[in-house]
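So the chains spell out like this:
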Amino acid sequence: MDGRGNIYINQAEMGEDQVLNGVTNKEHSENSGDKDNKQTTNTNSIDTNASKDNGEKSTEVSNYLQNIKISNSSAGLALTDKDNAKDAPLLIDTKTVVRFSPAWNQTLAASAAILMTFTSGLTSGYSAILLPQLKQPGSVIPWDENTASWIAAMAALPMAPGCLISGWMMEKCGRRLSHFIVCAPLLLGWIFIACANNLTLMLVGRFLTGLCVGLLGPVGPVYIGETSEPKFRGIFLAAVSLAIAVGIFVAHLIGTFLTWQWTAVICCLFPVLSVLLLCAVPESPTWLICKGQMDKGVTSYHWLRGYSDEAKAELQAIIDKRRAVDNQPIPTWREKLSNLKSPELLKPLAIMIIFFITCQFSGNNAVAFYSIEIVEKAVGKGIDHYVAMLVIDALRVVMSVVACVVCKQYGRRPLCFISGVWTALSMIALGSFLHWTGGEPTNLSWLPLSCLMVYICAISIGLVPLPWMMCGELFPTRVRGLGSGISSATTFLAFFVVVKTAPGMMSTLGDAVTFLFYGSVAFVGTCAMYFILPETKGKSLQEIEDKFRGIKGDKV
């Protein structure tokens, strides 16, 4: 920048020298003959044009120096006029060059959280390939139905408290640092599983990996929501569910061809890769600004969002909100407790709890954790169970990709209703078929498999991704950690209940009743969401927060 300024200043100095030389030439021409007068006239004409150009360049120098002054003031946040003591507009005519496009930077930031979420999918899918191998003769860990249910459910047990811890951790340490912290126990858990030669070590490893899934539950969507602009936020948040689906598929695929020990060893690589990716992205600008770190927050924001007018306006809204909070008196504990009763917290919290419970008790994770057993019960002996499982997993991945696209194109409400209705119909159809056949083998094994495939397609485009997407959107900044932590804890508590009770329900109530129950919950929950679910597509986080706080009569 200084190089450009020096060029202008040197040109101005050269222009002044030319003017002085022109005056000298003119005085000299008065004592010369007609031949000299002709030459002097031409010189005066040239000097006059030079002086005019220099005036324009001097003006440009002044404007350029003003830009330098702007660029050096408070990281471009707000300018203070000493004469008027008044804030100038945000980042007026900045000349800062963005090295990479905002879309690329936002994608990189989202990828760090998404890769961490991918390991959650590995944890969810691991038990499906672990349990059948433990049944084989000579297994280092003795197997029975109760042991199998605890190995599967142990990962789900600490997820709910992990979410509550995550809500506090992300507010205290930041979103990015929280991801760093989670990588350590996640890696340790997979090492314990890979080295397990007894049930205790296996359960400890499953507990640690499950705890990390709970810790990642709220912090991942919140970080993505705060680092993405509205037009990209939907697809990035939908990619969270895609990462889980890919993780389940990868765990099943590796476990189909390798032992459970080597599968765990490969899973150890991904927390290390996550650390490397996290080193390349900044902290959430919203969190930094809310903690009073204005310069770092603005730098992080512009690295992620660039300098468009829309980005500047949203940044100004975040800063204005922070200034308004600073101008308020420090609240007492009683006032803090009363803030927890505010509608901008309670309304989205109630919505998210109902949404998450609907998703979990629709049987999504029961199918993921007990894929081979469910395929065996539903399809019978007519189809290879591992092939059927991989087909269902591949379909889950494809539909998760579809969900990323449709969530960007269409609103949250229509996707929720379409997904919920077809999830309910497919589960009810599967339960009805099993009740009709009495669990006996038939030549119609394609029919229950088709019901399972429709179920995976339907639940993957709505009921699975939408709650996690909206968990990062609905809650206001000041209680985002608390709200997302409580709602995520609710879903993981339901997660544990579903995974722990699924084998017992199938053995005592029967497969047909179990699937009918899952389908009924999906239908009732979808009906409830029709009346309470807001539309958030294309809205900024501030607009969503204002809607819950604001005008009486707004549909929430």
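Within every chain, residues take consecutive numbers counted from 1 along the sequence as written. Given that the model is predicted, a residue must reach a pLDDT of at least 70 before its local features are reported, and side-chain atom pairs must reach 80 or more before they are shown or counted; all residues, however, enter totals for whole chains, interfaces and linings. Derived side-chain values reflect all non-hydrogen atoms in the structure, with water molecules and hydrogen atoms excluded from consideration.

Naming follows an unreviewed UniProt entry, where the chain appears as Major facilitator superfamily (MFS) profile domain-containing protein of Iphiclides podalirius. For the chain, the Subcellular location (unreviewed entry) comment in UniProt is given as "Membrane". Its UniProt record, at the heading Sequence similarities (unreviewed entry), says of the chain: "Belongs to the major facilitator superfamily. Sugar transporter (TC 2.A.1.1) family." UniProt positions are given in the numbering used here, feature names are shortened, and annotations may be inferred rather than shown by experiment.

Okay, the overall build of the chain next. Think of it this way: any DSSP run of H or I at least four residues long counts as a helix, any run of E at least two long counts as a strand, and we number them from the N terminus. Along the chain, the regular secondary structure elements total 24 helices and two strands. Residues counted as buried form 52% of the 556 residues belonging to the chain. We call two residues contacting when some pair of their heavy atoms lies within 4.5 Å. Taking the contacts inside the chain whose residues are at least 6 apart along the sequence as the reference set, 82% of them involve residues at least 24 apart. Working note: accessible area of the chain is about 25300 Å², and carbon and sulfur atoms make up 63% of it. Exposure classes here rest on a 1.4 Å probe applied to the protein chains alone. A residue is buried below 20% of its type maximum, exposed above 50%, and partly exposed in between. Exposure was quantified through the Shrake-Rupley algorithm and a 1.4 Å probe, taking into account, for residues, occlusion by the shown protein chains and nothing else.

With that out of the way, let us pick up the packing of aromatic side chains. Only rings of Phe, Tyr and Trp enter the pairing, Trp through its six-membered ring, and a pair is recorded when the two centres are within 6.5 Å. The plane angle decides the type: under 30 degrees is stacked, over 60 is edge-to-face, the rest tilted. Enumeration over the complete set of coordinates arrives at eight aromatic pairs. On the numbers, 5.3 Å between centres and 85 degrees between planes, the contact of Y126 with W190 is edge-to-face. With Y126 in helix 3 (residues 102-134) and W190 in helix 6 (residues 175-195), the pair connects residues that are 64 residues apart, well separated along the chain. Residue Y126 is classed as buried on the basis of its relative accessible area, which comes to 0%. Given a relative accessible area of 0%, W190 falls into the buried group. Seen from their ring centres, Y530 and F531 are 5.2 Å apart, and the 90 degrees between their planes marks the pair as edge-to-face.

Okay, the pattern of salt bridges next. Between Lys or Arg on one side and Asp or Glu on the other, a salt bridge is scored when a side-chain nitrogen of the former is within 4 Å of a carboxyl oxygen of the latter. Tallied over the entire structure, the rule returns four salt bridges. A salt bridge links E171 to R175, with the nearest nitrogen and oxygen atoms 3.5 Å apart. Linking E226 and R175 is a salt bridge whose minimum nitrogen-to-oxygen distance equals 2.8 Å. Here R175 lies in helix 6 and E226 lies in helix 7 (residues 199-227), a separation of 51 residues in the sequence. Of the two residues, E226 and R175, neither departs from the other in class, the shared state being buried. Ionic contacts of the salt-bridge type, sharing partners, join the residues E171, R175 and E226 into one network.

It is worth spelling out the environment of C359 at this point. The topology assignment puts C359 in helix 15 (residues 343-360). Spatially, the C-alpha atom of C359 lies 8.9 Å from that of G420, the residues being 61 residues apart in sequence. Other than its neighbours up to four places away in sequence, C359 contacts N364, I459, L463 and V464.

On to empty space enclosed by the protein. Here a cavity means grid points, on a 1 Å grid over the protein atoms only, where a 1.4 Å probe fits yet cannot get out; a pocket means an open set of points with protein on both sides within 12 Å along at least five of seven lines; lining residues are those with an atom within 4 Å of a point. Grid points are joined across faces, edges and corners, and a volume is the space filled by probe spheres set on the points. Counted according to the given criterion, the structure contains three cavities of 30 Å³ or more. Considered as a void within the structure, the largest cavity measures approximately 340 Å³ in volume. In terms of residue count, helix 8 (residues 230-257) provides more of the lining of the largest cavity than any other element does, five residues in total.

Viewed as axis vectors pointing N to C, helix 4 (residues 145-154) and helix 22 (residues 480-508) meet at an angle of 155 degrees, and their least axial separation amounts to 8 Å. By the criterion of interaxial angle, the relationship of helix 4 to helix 22 is roughly antiparallel. The element helix 4 and its partner helix 22 pack so that their crossing is right-handed. Counted together, E145, S149, W150, A152 and A153 of helix 4 and F496, V499, K500 and S507 of helix 22 form the full contact between these two elements. A per-class count over the contact of helix 4 with helix 22 returns five nonpolar, two polar and two charged. To define axes, lines are fitted to C-alpha atoms, for helices over the stretch in contact only, and angles between the resulting N-to-C directions are given on a 0 to 180 degree scale. Roughly parallel refers to an angle under 35 degrees, roughly antiparallel to one over 145, roughly perpendicular to one between 65 and 115, and oblique to any angle outside these ranges. Whether a crossing is left-handed or right-handed is set by the direction in which the near helix is turned from the far one by less than a right angle, anticlockwise for left-handed and clockwise for right-handed. When residues are sorted by character, Ala, Val, Leu, Ile, Met, Phe, Trp, Tyr, Cys and Pro go into the nonpolar class, Asp, Glu, Lys and Arg into the charged class, and all the rest, Gly among them, into the polar class.

Our focus in this paragraph is the packing of helix 19 (residues 412-437) against helix 20 (residues 446-460). For the pair helix 19 and helix 20, interaxial distance at closest approach is 8 Å and the crossing angle is 160 degrees. It follows that helix 19 is roughly antiparallel to helix 20 by the angle criterion. Both helix 19 and helix 20 take part in a crossing whose hand is left-handed. Contacts from S419, W422, T423, S426, M427, A429, L430 and F433 in helix 19 reach L447, P448, C451, L452, V454, Y455, A458 and I459 in helix 20. Residues of the contact of helix 19 with helix 20, tallied by class, amount to 13 nonpolar, three polar and no charged.

Glancing now at helix 12 (residues 294-305). Residue pairs three or four apart in sequence face the same way in an α-helix, which turns once every 3.6 residues. In this model helix 12 runs 16 Å from its N-terminal to its C-terminal C-alpha over twelve residues, within 8% of the 16 Å that 1.5 Å per residue would give. For helix 12, the set of buried residues is M294, G297, V298, S300, Y301, H302, L304 and R305. Helix span is expected to be 1.5 Å times the residue number reduced by one.

Residue placement: Q106 occurs in helix 3. N or O atoms closer than or at 3.5 Å make up a polar contact, with two conditions inside protein: a donor-capable atom paired with an acceptor-capable one, and, for residues adjacent in sequence, both atoms drawn from side chains. A distance of 3.1 Å separates the side chain of Q106 from the backbone oxygen of L304, its partner in a polar contact. Setting aside chain neighbours within four positions, we find Q106 in contact with T227, S228, E229, F232, F236, L304 and R305.

All right, on to helix 9 (residues 260-267) then. Among the residues of helix 9, those classed as buried are W260, T263, A264 and C267. For helix 9, the angular spread of buried residues about the axis comes to 100 degrees, placing them on one side. Read the arc as the range of directions from the helix axis to the C-beta atoms.

Attention now goes to the confidence of the model for the chain. The pLDDT value expresses, per residue, how confident the predictor is, ranging between 0 and 100. Summary statistics for the chain give a mean pLDDT of 77 and a share of 77% for residues scoring 70 or more. Throughout residues 1-98 the model reports pLDDT below 50, and contacts reaching past four residues in sequence, or to other chains, amount to 67 contacts. Under a pLDDT of 50 for its full length, residues 551-556 has, in the predicted model, twelve contacts with residues more than four places off or in other chains.

Turning our attention to the side chain of E229. Tracing the chain through its elements places E229 in the loop between helix 7 and helix 8. Here Asp and Glu are counted as negative and Lys and Arg as positive; His is not counted, and neither are the chain ends. Look at E229: it is buried, it has no salt bridge, and the nearest opposite charge is K231 at 4.2 Å. In this view, E229 contacts Q106 and R305; residues no more than four positions away in its chain are not counted.

Okay, a nonpolar patch on the surface next. Patch membership requires over 30% relative accessible area and the absence of a salt bridge. Like charges are linked within 9 Å, and nonpolar side chains (Val, Leu, Ile, Met, Phe, Trp, Tyr) within 5 Å. A cluster of nonpolar side chains, contributed by L253, F257, L258, W262 and V265, occupies part of the molecular surface with about 510 Å² of accessible area. Of all the secondary structure elements, the ones that give two or more residues to the nonpolar patch are helix 8 and helix 9. Position of W262 relative to the elements: it lies in helix 9.

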